[in-house]
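Chains, contacts and geometry: an overview
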Amino acid sequence: MNAKIDLVIFDCDGVVIDSEILSAQVLIDMLAYLTVNIDRGYVQQHFLGCNFKTVSQKIQNAFNVTLPNSFEDDYREALLNEFGSALSTTDGINEVLNNLAVPKCIATSSSPARTAKALDIVNLSNCFSNTIFTSSEVKRGKPAPDLFLHAAKQMGVKPEHCLVIEDSEAGVCAAINANMQVLHYSGGQHMQAAINYVRKVYPNVAHLTHWQQFFTAYPALKSKNI
C-alpha cells in the first residue's frame, strides 16, 4: 500500500456479484445466432470491464458485424432472467463488506438498472445505498479514469487514498490512470477456467484469489467492532 486507505471502491460484476460467467454465456449464445463464434476466454480478454457500447464497437471491428438495434435490450432482458435464477455473490464478499472499517462504494460499467436489480437479487441493495456510480455518469468509461475519479469525488476522498478492487484489465488500467491503489481480484467463476490476462499485463499489481485473504492483506481495513 502506498498511502492510508480511506475508501474502498468495488467493481460490481465479477467482484461483488459472481455475474461475469452468466453475462459471458448469454452474450456468447446470442452472438452465435449472428455467426460470431467466441468463447469465455475471448470475452475475458476483450470485453471484461467494458460497457456495452465499447463491446459493440469491438465486435464490429473484429468481426465486421453490426449488432441489431434491439440486441442490447434483448441481451439485458435475457441476462436479468438468468440473474433471477442463478446469480449469487462472490464467495466470501459478505464478510468483507460487513467488516470494513472505512466507507465503500461501487463503480461499475454496467447500467444503473442492471446494477440495482442485481444487487437486489443478492440482497445487497442496502449495503450500497446511495453509493453506486455507473459509467452512465461520466463521459469516458474504463479504461479511462473518469468513473473512479467521479466516485472518489462524490465520496469526498482523494484518489491516492482510494483502493480499487477490480477483476478486469480495463478496470485495473482505469484505477492506475486515476492514481489509485488497486487490487486485482480473480475469485469469480469466470476467472477459474481461462488464462488470467490481467496478471499477464499487470504482474506487479496486488492480487487476491479469495476474499478470505483480504483482511490478511489489508489488516488496517478490518473493523475493530466485531
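Details of the structure are given in the entry above.
Residues numbered from 1 in each chain as written. Predicted model: local features only at pLDDT ≥ 70, side-chain atom pairs only at ≥ 80, totals over all residues. Heavy atoms only, no water.

**So, the pattern of salt bridges**
Here the structure, examined in full by the defined rule, presents six salt bridges. Salt-bridge contacts for Asp 6 lead to Lys 4; the nearest nitrogen and oxygen are separated by 2.3 Å. In this structure Asp 6 comes out as partly exposed when scored by relative accessible area, which is 25%. Note that Lys 142 is salt-bridged to Asp 11, the shortest N-O span being 3.2 Å. Of this pair, Lys 142 sits in the loop between strand S3 (132-134) and helix H7 (146-155) while Asp 11 sits in the loop between strand S1 (7-10) and helix H1 (20-32), and the two are 131 residues apart along the sequence. For Lys 142, a relative accessible area of 5% corresponds to the buried category. Looking at Asp 11, the relative accessible area reads 5%, which means it is buried. In the salt-bridge network here, residues are joined through shared partners; they are Asp 11, Lys 142 and Glu 166. (Salt bridge = Lys/Arg side-chain N within 4 Å of Asp/Glu carboxyl O. Buried < 20%, exposed > 50% of the residue type's maximum accessible area, 1.4 Å probe, protein only. Helix = DSSP H or I, 4+ residues; strand = E, 2+ residues; numbered from the N terminus.)

**Some thoughts on the packing of helix H4 (residues 71-86) against helix H6 (residues 112-121)**
Between H4 and H6, the least distance of the axes is 10 Å, while the angle of their chain directions is 10 degrees. The orientation of H4 relative to H6 falls into the category roughly parallel. Here Tyr 75, Arg 76, Leu 79, Leu 80, Phe 83 and Gly 84 of H4 lie close against H6, whose contacting residues are Arg 114, Lys 117, Ala 118 and Ile 121. Counted by class, the contact of H4 with H6 contains six nonpolar, one polar and three charged residues. (Axes fitted to C-alpha atoms, helices over the stretch in contact; angles between N-to-C directions. Parallel < 35°, antiparallel > 145°, perpendicular 65-115°, else oblique. Contact = heavy atoms within 4.5 Å. Nonpolar A, V, L, I, M, F, W, Y, C, P; charged D, E, K, R; others polar.)

**So, the pairing of S1**
Remember that side chains alternate between the two faces of the sheet whenever the strand is regular. Neither face of S1 is open: one carries Leu 7 and Ile 9, the other Val 8 and Phe 10, and all of them are buried. The pairing of S1 with strand S2 (residues 104-108) spans three bridges and is classified as parallel. Directly across from Phe 10, in S2, lies its bridge partner Ile 106. (Pairing = 2+ DSSP bridges.)

**Notes on the environment of Thr 90**
By the secondary structure assignment, Thr 90 is in the loop between H4 and helix H5 (93-99). In contact with Thr 90, other than residues within four places in its own chain, are Gly 14, Val 15, Val 16, Ile 17, Asp 18, Tyr 185 and Trp 211.

**Some points on the environment of Leu 7**
Note that Leu 7 resides in strand S1. In this structure, the C-alpha to C-alpha distance between Leu 7 and Cys 173, residues 166 residues apart in sequence, is 18 Å. Setting aside residues no more than four positions away along its own chain, Leu 7 makes contact with Val 102, Pro 103, Lys 104, Cys 105, Ala 152, Met 155, Val 157, His 161, Cys 162 and Leu 163.

**Some points on the environment of Phe 215**
Among the secondary structure elements, Phe 215 is positioned in helix H10 (residues 214-217). Residues Phe 215 and Cys 173 lie 42 residues apart in sequence; the distance between their C-alpha atoms is 24 Å. Not counting residues up to four positions away in its chain, the partners in contact with Phe 215 are Glu 95, Val 96, Asn 99, Leu 100, Leu 221 and Lys 222.

**Considering the packing of aromatic side chains**
In this structure the tally under the stated criterion is ten aromatic pairs. Relative to Phe 215, the ring of Phe 214 has its centre 5.2 Å away and its plane inclined at 75 degrees; by these criteria the two rings are edge-to-face. In this pair, the class of Phe 214 matches that of Phe 215, namely buried. Ring-pair connections join several aromatic residues into one group, and the members of that group are Phe 10, Phe 128, Tyr 185, Trp 211, Phe 214, Phe 215 and Tyr 218. (Phe/Tyr/Trp six-rings, centres within 6.5 Å; stacked < 30°, edge-to-face > 60°.)

Function cannot be read off these values alone, since they describe shape.
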